[in-house]
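Survey of secondary and tertiary structure
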Amino acid sequence: MDTSEVAAMLNMSTSWVYREASKLGLKGYKLGRGRNAKVLYKRAELFKWLEQQKIH
């Protein structure tokens, strides 16, 4: 999933995802070089993190 898809799923901004992803334990995978490199996230890791946020 790219950053905009993650942001839409979490109902947050893309800048929030870039800033907070590493703090949340979501590892981004950078494709390309420089400023225009695309950052992708594994769908399974995102769903695992979401499951951990569940309030019991």
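Scroll up to find the structure this text is about.
Summarised in this report is the structure supplied together with it.

Reading the values: the criteria
- Starting from 1, residues in each chain are numbered consecutively following that chain's sequence as written.
- Local features in a predicted model are, by the rule used here, given only for residues with pLDDT of at least 70; side-chain atom pairs are given and counted only at 80 or more, and totals for whole chains, interfaces and linings are based on all residues.
- Note that the side-chain values use all heavy atoms of the structure and ignore hydrogens as well as water.
- By definition, any uninterrupted DSSP run of H or I lasting at least four residues is a helix, any uninterrupted run of E lasting at least two residues is a strand, and each is numbered from the N terminus.
- Two N or O atoms count as a polar contact when they lie within 3.5 Å, although within protein this holds only if one can serve as hydrogen donor and the other as acceptor, and sequence-adjacent residues are included solely when both atoms are side-chain atoms.
- Should a side-chain nitrogen of Lys or Arg be within 4 Å of a carboxyl oxygen of Asp or Glu, the pair is scored as a salt bridge.
- The classification of residues rests on relative accessible area computed with a 1.4 Å probe and restricted to protein chains. Under 20% of the type maximum is buried, over 50% is exposed, and intermediate values are partly exposed.

Another aspect to go through is the side chain of Glu20. Secondary-structure assignment places Glu20 in helix H2 (residues 14-24). A distance of 3.4 Å separates a polar atom in the side chain of Glu20 from a polar atom in the side chain of Arg19.

All right, on to the pattern of salt bridges then. According to the stated counting rule, one finds 3 salt bridges in the structure shown. The partner of Arg19 in a salt bridge is Glu20, with the nearest N and O atoms 3.4 Å apart. When the shortest N-O distance is used, the salt bridge between Glu51 and Lys54 registers 2.9 Å. A relative accessible area of 45% means that Lys54 is categorised as partly exposed. Because the salt bridges share partners, they merge into one network encompassing Arg19, Glu20 and Lys23.

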